[in-house]
Amino acid sequence: MAAQLRAANRRGRALAAFAVAAAGGLLAAATFGSGPAGAAGTTLRDLAEAKGSYFGTAVTQNDLNNSALTAVAGTQFDMVTPGNEMKWDTTESSANNFNFGPGDKIVSFAKSHSMRVRGHTLVWHSQLPSWVSSLPTAQVQAAMENHVTTQATHYKGQVYSWDVVNEPFNEDGSLRTSVFYNAMGSGYIADALRTARAADPNAKLYLNDYNIEGVNAKSDAMYQLVSSLKSQGVPIDGVGLEAHFIVGQVPSTMKANIQRFTALGLDVAITELDDRMQVPASAANLAQQATDYATVISNCLAVSGCVGVSQWGVGDADSWIPGAFSGYGAATMYDDNYQPKASYNSAVTALGGTAGSPSPSSSPSSSPSSSSSPSTPPSGAACKVSTQVSSWNTGLTENITVTNTGGSAVNGWSVKFTLPGGQTVSSAWNATVSPASGQVTATNLTYNAAIPAGGSTSFGFNANHTGNTAAATGFSLNGVACSIG
Ligand code: G3I
């Protein structure tokens, strides 16, 4: 990890983040306590900081209205990337008409939780208003420079870094054609970097892209570009590896790839980590995700100059994945109820902590959702369900037993299943069952929230039927698909 970050973190985090000092990027000293509910050494941020690193997340303006989300974001993470609020379509939706309100809200949240900010992003072909993409060629450079200057000046001293140019490459390593490339050729990148440096000399300036985590044609192209920029004296400080992975597909060359960039004297950041899988999530995929998170974090920690890891979004409920990849989800370290998953535990372990130790997001005293929400079983989670149906002409009774076959206790459960067509629940016991038909969820009552490792819980319901008296199917326990038996 970068020496300057180590130094800064030794002196305390917090406001230091907003006063990036001098050309070396040393953070001004300011001493803060640990996060709102965080005992020292128990959170991702504390563990990362102890290693001279950081752990970040992406937060959107809407996310700020979600108290369960902000409780986790503000205690577990010490870096924030605005999900959308610093993109061109938000900050300059019409020419020279700037709106920094949404981005300022993210910065304000970061400040109040002693977090730093990764500015994202100044120049990108996407989320770009049409007035820019339809500009006459001769006007593009001036518009780009004005945008970079105005935005970087507004956030001067408030952001740790800027993704100055985002996603400039095609998969084959050629530069993507965009309004900027079409108007200025490859020189738009150096121009954007120089313009950003002039506006905010202390922000770390990054190029950021996806599918450049391992050694491949696209990362080769990024390597050649940043080598060339450095040799020309263009201000470039870092390369962002987005790291949008599919379970089991973290490239084996990731560490070597990080090393070759840092060997150029550049920082590397993992900027948008997530790890998607088909949903409902299987226990095997959740376990693989835990392995993947540990691999990514270890790859970064192993290389001096890999400054930190950021996840894209806080929990599965606010991840971009289900909207972009049909049938996929469960991509983050937190489940739909902001309870930590196995990947959280593996992240803690990779950061040198003790997995399973109470964290602010899962301890009853600090989590707004933990007292009532189910917690996802940790690594090795698995479940087995048995059903028993007795029926008569228009009614039936079904009893369901769920066994926790994972290695750890479950504290709070939610069992999802599908009722055959025509069945409508009329009453239930040992659980709240809702809705009455179709895909339903049975949730624990206060007296039966815990299922020890190897233990079982039973609940049941009466239902009306129209002829189909089959048992329910498609069971999952806290998001983990169960076997029947
Ligand atoms: O704001 C409009 C809203 O008015 C409209 O009703 C709604 C209907 O679809 O769309 C809203 O805009 C959405 C926007 O997010 C804000 O929520 C866009 O449709 C949606 O496409 C956009 O998605 C963002 C995506 O970038 C766009 O490429 C995601 O939230 C954001 O997480 C994602 O982030 C990117 C990084 O910036 C770069 N790397 C990849 C990463 C994931 O795609």
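Preceding block: the structure.
The structure presented is a predicted model; accordingly, all values stated were derived computationally and were not measured.

What counts and how
- For every chain, the first residue of the written sequence is number 1, and numbering continues from 1 onward in sequence order.
- The predicted origin of the model limits local features to residues at a pLDDT of at least 70 and limits the giving and counting of side-chain atom pairs to 80 or more, whereas totals for whole chains, interfaces and linings rest on all residues.
- To get the side-chain values, take all heavy atoms of the structure and skip hydrogens and water.
- Cysteine sulfur atoms that pair up within 2.5 Å are treated as a disulfide.
- Each residue is assigned to one of three classes by its accessible area relative to the maximum for its type, calculated with a 1.4 Å probe on protein chains only: buried under 20%, partly exposed between the two thresholds, exposed over 50%.
- For helices the rule is a DSSP run of H or I covering at least 4 residues; for strands it is a run of E covering at least 2, with both sets numbered from the N terminus onward.
- Near, as used in this document, describes a residue that has one of its heavy atoms within 4 Å of the molecule or strand being considered.
- In the analysis that follows, any N or O atom pair within 3.5 Å is treated as a polar contact, provided that within protein one partner can donate a hydrogen and the other can accept it, and provided that, for residues neighboring in sequence, both atoms belong to side chains.
- Values of accessible area rely on a 1.4 Å probe in the Shrake-Rupley scheme; residue burial ignores everything except the protein chains shown.
- Residue type decides the class: Asp, Glu, Lys and Arg count as charged, Ala, Val, Leu, Ile, Met, Phe, Trp, Tyr, Cys and Pro as nonpolar, and the leftover types, Gly among them, as polar.
- We call two strands paired when DSSP finds no fewer than two bridges between them.
- Here a residue-residue contact requires only that any non-hydrogen atoms of the pair lie within 4.5 Å.
- Under this scheme, a helix contributes an axis fitted over its contacting stretch, all axes are lines through C-alpha atoms, and angles between N-to-C directions fall in the 0 to 180 degree range.
- Every angle not falling under 35 degrees, over 145, or within 65 to 115 is termed oblique; those three ranges are roughly parallel, roughly antiparallel and roughly perpendicular.
- What makes a crossing left-handed is the near helix being turned counterclockwise from the far one by less than a right angle; a clockwise turn instead makes it right-handed.

Visitor: Talk me through the state of the cysteines; I want residue IDs and the actual numbers.
Guide: Counting across every chain of the model gives two disulfides. The partner cysteine of C300 in its disulfide is C306, sulfur to sulfur 2.1 Å. Here C300 and C306 share a disulfide; its torsion about the S-S bond, -105°, makes the bridge left-handed. The same class applies to C300 as to C306, namely buried. Between C383 and C482 runs a disulfide, and the two sulfur atoms are separated by 2.1 Å. Judged by the sign of its S-S torsion, about -95°, the cystine formed by C383 and C482 is left-handed. With C383 in strand β11 (residues 383-391) and C482 in the loop between β21 (480-481) and β22 (483-484), this pair connects stretches of sequence that are 99 residues apart. Overall, C383 belongs to the buried group, its relative accessible area being 5%. For C482, a relative accessible area of 13% translates into the label buried. Each bonded cysteine of the protein chain is numbered by sequence order, and under that numbering the disulfide pairs are 1-2, 3-4.

Visitor: Run through the site of the ligand, naming residues and quoting values.
Guide: With respect to spatial proximity, 13 residues lie near the ligand, and among them K87, H120, E167, E272 and W312 are the closest. The contact in question runs from an oxygen atom of the ligand to an N or O atom on the side chain of H120, over 2.7 Å. At 3.4 Å from an oxygen atom of the ligand is found a side-chain nitrogen or oxygen belonging to Q127. Relative to its unbound accessible area of 790 Å², the ligand is 44% covered by the protein chains. Taken together, the residues of the shell around the ligand break down into three nonpolar, six polar and four charged.

Visitor: Would you mind going over the sheet that holds β21 in detail, with residue names and values included?
Guide: Here we have five strands laid out as an open sheet, ordered β16-β17-β14-β20-β21, and antiparallel in their pairing. The strands lining the two open edges of the sheet, one partner per strand, are β16 (432-434) and β21. Of the pairings in the sheet, the one linking strand β14 (residues 414-418) to strand β20 (residues 473-477) comprises three bridges and is antiparallel in character. The residue bridging T418 from the neighbouring strand is T473, located in β20.

Visitor: Quick one: what's the story with the pairing of β14, residue by residue and with numbers?
Guide: Bridge count for β14 against strand β17 (residues 439-443) is five bridges, and the pairing is antiparallel. Residue T418 lies in a different strand from β17, and its bridge partner there is Q439.

Visitor: If you had to explain the pairing of strand β4 (residues 161-166) to someone new, which residues and values would you point to?
Guide: Of all six residues in β4, six are buried; the element is thus mostly enclosed. In this structure, strand β3 (residues 116-124) lies alongside β4, joined through five bridges in parallel fashion. Directly across from W124, in β4, lies its bridge partner N166.

Visitor: Give a detailed account of the environment of S343, specifying residues and quantitative values.
Guide: Relative to the assigned elements, S343 resides in helix α14 (residues 342-350). For the pair formed by S343 and A294, sequence separation is 49 residues and the distance between their alpha carbons is 7.6 Å. Residues in contact with S343, not counting those within four places in the same chain, are Q289, A290, Y293, T332 and M333.

Visitor: Tell me about the packing of helix α12 (residues 283-301) against α14, and name the residues and values.
Guide: Taken N-terminus to C-terminus, the directions of α12 and α14 make an angle of 25°; their axes are 8 Å apart at the nearest point. As judged from the angle between their axes, α12 and α14 are roughly parallel. As α12 runs across α14, the sense of the crossing is right-handed. Across from L286, Q289, A290, Y293, A294, I297, S298 and L301 in α12, the residues of α14 making contact are A342, S343, S346, A347 and A350. Per-class residue counts for the contact of α12 with α14 are nine nonpolar, four polar and no charged.

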